[in-house]
Amino acid sequence: MQDFKEKLYNYETPPPEEIWHHIAGEINDEKVIKMPRHEKNKIVFYAIAAAASLVIIFVGSVFFKKNSSPKYSSQIKTDQQDLLLAQKIKDSAQLNQQILESIINNRKEKKEIVSKEPNKNIDSKMYLTVAGPEGQPVKISPKVATLIISADDGYPPKPLWSKEIRKWQKIMLRNTISPTSANFADLVQLAANKQMYND
Amino acid sequence: MQRLLYERFSSKMYGVCLRYAENTEDANDVMQEGFIKVYNNINKFRGEGSFEGWIRRIFIHTAIEHYRKKIKLFNISDLTENTIESDKLNALDSLATKDILNIVNELTPGYKAVFNMHVIEGYSHKEIAEILGITEGTSKSQLARAKTVLKKIIGTRFTNVK
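Residues numbered from 1 in each chain as written. Chains lettered and ligands numbered in written order. Predicted model: local features only at pLDDT ≥ 70, side-chain atom pairs only at ≥ 80, totals over all residues.

1. A look at the overall build of chain A
Part 1 of the reasoning: Helices and strands together make up the secondary structure of chain A, namely 8 helices and 2 strands.
Part 2 of the reasoning: Reading the secondary structure of chain A in the N-to-C direction produces α-α-α-α-α-β-β-α-α-α.
Part 3 of the reasoning: Expressed as a percentage of the 199 residues in chain A, the buried residues total 5%.
Part 4 of the reasoning: Of all intrachain contacts in chain A linking residues separated by at least 6 positions in sequence, the fraction that spans at least 24 positions is 40%. (Helix = DSSP H or I, 4+ residues; strand = E, 2+ residues; numbered from the N terminus. Buried ≥ 20, exposed ≤ 12 C-beta atoms within 10 Å, placed from the backbone. Contact = placed C-beta atoms within 7 Å.)

2. Focus on the overall build of chain B
Part 1 of the reasoning: Helix and strand counts for chain B come out as 7 helices and 0 strands.
Part 2 of the reasoning: Reading chain B from its N end, one meets helices and strands in the order α-α-α-α-α-α-α.

3. Some remarks on the pairing of strand 1 (residues 128–131) of chain A
Residues and elements named next belong to chain A.
Part 1 of the reasoning: Because side chains alternate across strand 1, one face comprises the buried residues Leu128 and Val130, and the other comprises Thr129 and Ala131, none of which is buried.
Part 2 of the reasoning: Two elements, strand 1 and strand 2 (residues 137–140), share 4 bridges in a ladder whose sense is antiparallel. The residue bridging Val130 from the neighbouring strand is Val138, located in strand 2. (Pairing = 2+ DSSP bridges.)

4. Overview of the interface of chain A and chain B
Part 1 of the reasoning: Chain A puts 19 residues into the contact, and the matching count from chain B is 25 residues.
Part 2 of the reasoning: The set of elements that each furnish at least two residues to the side of chain A that touches chain B consists of helix 1 (2–9) and helix 2 (17–27) of chain A.
Part 3 of the reasoning: Tallied by class, the residues present in the side of chain A that touches chain B amount to 12 nonpolar, 2 polar and 5 charged. (Nonpolar A, V, L, I, M, F, W, Y, C, P; charged D, E, K, R; others polar.)

5. A word on the packing of helix 1 (residues 2–20) of chain B against helix 3 (residues 51–67) of chain B
All names here are of chain B.
Part 1 of the reasoning: Axis separation between helix 1 and helix 3 bottoms out at 10 Å; the angle between their running directions is 30 degrees. Classified by the angle their axes make, helix 1 and helix 3 are roughly parallel. Here helix 1 runs over helix 3; the crossing is right-handed. Judged by residue contacts, Phe9, Met13, Val16, Cys17 and Tyr20 of helix 1 engage Glu52, Ile55, Arg56, Phe59, Ile60, Ala63 and Tyr67 from helix 3. (Axes fitted to C-alpha atoms, helices over the stretch in contact; angles between N-to-C directions. Parallel < 35°, antiparallel > 145°, perpendicular 65-115°, else oblique. Left-handed = near helix turned anticlockwise from the far one by under 90°.)

6. Digging into the environment of Phe59(B)
Part 1 of the reasoning: Mapped onto the elements of the fold, Phe59(B) is located in helix 3.
Part 2 of the reasoning: Sequence-wise, Phe59(B) and Glu33(B) are 26 residues apart; in three dimensions their C-alpha atoms are separated by 8.5 Å.

7. Digging into the confidence of the model for chain A
Part 1 of the reasoning: For chain A, mean pLDDT is 72; residues scoring 70 or higher make up 64% of the total.
Part 2 of the reasoning: Between residues 115–120 of chain A, whose pLDDT stays under 50, and residues either more than four places distant or in other chains, the model counts 3 contacts. (pLDDT = per-residue confidence, 0-100.)

8. Observations concerning the environment of Val149(B)
All names here are of chain B.
Part 1 of the reasoning: Relative to the assigned elements, Val149 resides in helix 7 (residues 136–157).
Part 2 of the reasoning: Along the primary structure Val149 and Glu106 are separated by 43 residues, whereas in three dimensions their C-alpha atoms are 9.1 Å apart.
Part 3 of the reasoning: If we skip the residues at most four places from it in the chain, Val149 touches Leu107 and Tyr111.

9. Thoughts on the packing of helix 3 of chain B against helix 5 (residues 109–121) of chain B
Residues and elements named next belong to chain B.
Part 1 of the reasoning: The contact between helix 3 and helix 5 brings their axes to 11 Å, and the two run at 165 degrees. For the element pair helix 3 / helix 5, the angle class is roughly antiparallel. Pair helix 3 / helix 5 crosses with left-handed handedness. Only Pro109, Ala113, Met117 and Glu121 of helix 5 make contact with helix 3, whose side of the interface consists of Ile60, Ile64 and Tyr67.

10. Here's the deal with the confidence of the model for chain B
Predicted coordinates in areas of low pLDDT are best not read in detail.
All names here are of chain B.
Part 1 of the reasoning: In this model, chain B carries an average pLDDT of 81, and 83% of its residues clear a pLDDT of 70 or more.
Part 2 of the reasoning: Counting contacts from residues 75–84, a segment whose pLDDT is below 50, to residues more than four positions away or on other chains yields 20 contacts.
Part 3 of the reasoning: As a predicted assembly, this complex carries a pTM of 0.48 together with an ipTM value of 0.81.

11. As for the nonpolar core
Residues and elements named next belong to chain B.
Part 1 of the reasoning: Within the largest apolar cluster, 41 residues are counted, with the highest numbers of intra-cluster contacts made by Met13, Cys17, Met31, Phe59, Ala63 and Val114.
Part 2 of the reasoning: Each of domain 1 (2–67) and domain 2 (81–157) accounts for three or more of the residues forming this core.
Part 3 of the reasoning: When near neighbours in sequence (up to four residues on either side) are disregarded, Met13 contacts Met31, Gly34, Ile55 and Phe59. (Core = buried A, V, L, I, M, F, W, Y, C linked by C-beta atoms within 7 Å. Domains from an automatic or database assignment.)

12. Focus: helix 2 (residues 24–41) of chain B
Part 1 of the reasoning: Its 18 residues give helix 2 of chain B an end-to-end C-alpha distance of 25 Å, which sits within 8% of 26 Å, the value for a rise of 1.5 Å per residue.
Part 2 of the reasoning: Along helix 2 of chain B, the residues classified as buried are Ala27(B), Val30(B), Met31(B), Gln32(B), Glu33(B), Gly34(B), Phe35(B) and Val38(B).
Part 3 of the reasoning: Buried residues along helix 2 of chain B sit in contact with helix 2 of chain A together with helix 1 and helix 3 of chain B. (Expected span 1.5 Å × (residues − 1).)

13. Some details on the environment of His61(B)
Residue and element names in this part refer to chain B.
Part 1 of the reasoning: Examined against the element boundaries, His61 turns out to sit in helix 3.
Part 2 of the reasoning: Using a count of 13 C-beta atoms within 10 Å as the deciding quantity, one classes His61 as partly exposed.
Part 3 of the reasoning: His61 sits 70 residues away from Ile131 along the chain, and the two C-alpha atoms are 7.8 Å apart.

Following this line, the structure appears as structure tokens:
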């Protein structure tokens, strides 16, 4: 009698494999719903369409933002202005160079430039009117024109003039202000500079 | 973790399920339900007694719950355990476990439950009465009746048995 009790108590047999799958599914709360094939295809199609739409929207928004950015447009504006100004300065510098060279090389032309306005008083003939760095008219003495040309150390070399100009530049650099003929103090300073130059 | 526990005890517990279930499909259901209960209540195991014993009790309770509706217990007051001759049951010892199981499975769910719980698992009639919601007397009478039926089955199957 004892034998058959033990046999039944210890009876073991492997369960079907599918039981574990059911248990695992229950533990993980996995609910697998089988869908028809055409439903799957439909979902895949919609997923691809949605992904493509998102990519288009993203690329479009990035492109639009880049073009319509106020910072970007103002940057372009500033760059254009800088280019125009640089061109202006370059043009005026070239013009100055041409005028000065022509003055030095051609005495006749120099006279023509000087006497732009014949009705003005005789003092005006003592000056040349050239374009400044920003295109503004600047009056200079014809004698100074040679000095300015020599200051650039260009060809042909002018060692004597260059030496004198460097000396003058050093004196001017010692000053904290650039003396002009506009006020009395500057005139005093200019006179002092001239004294130093002569010494 | 769950997989390891399943691999360790699934064969033994499936044996328990087959003893209490009416057929293989029902045994599979009890098996699944039982392991889910084990996993959900594993933190309630206090370490009192063996872990296998704790799992086995869960499976027995699950099987009883599963068949509670099918189990119809009748109080057979005129039959007692003492009146049942057990000599014919001894014939089961010579049989293979699968054959014994097949014979026990021929019992009705009510008889089978009491027989399994008392004879195989070792539950007292008081415990069986509490679990099944019956009186101790009913448990005893059910067991006596189960033994009688078993003897009849054995008598018809094995004519050489007295």
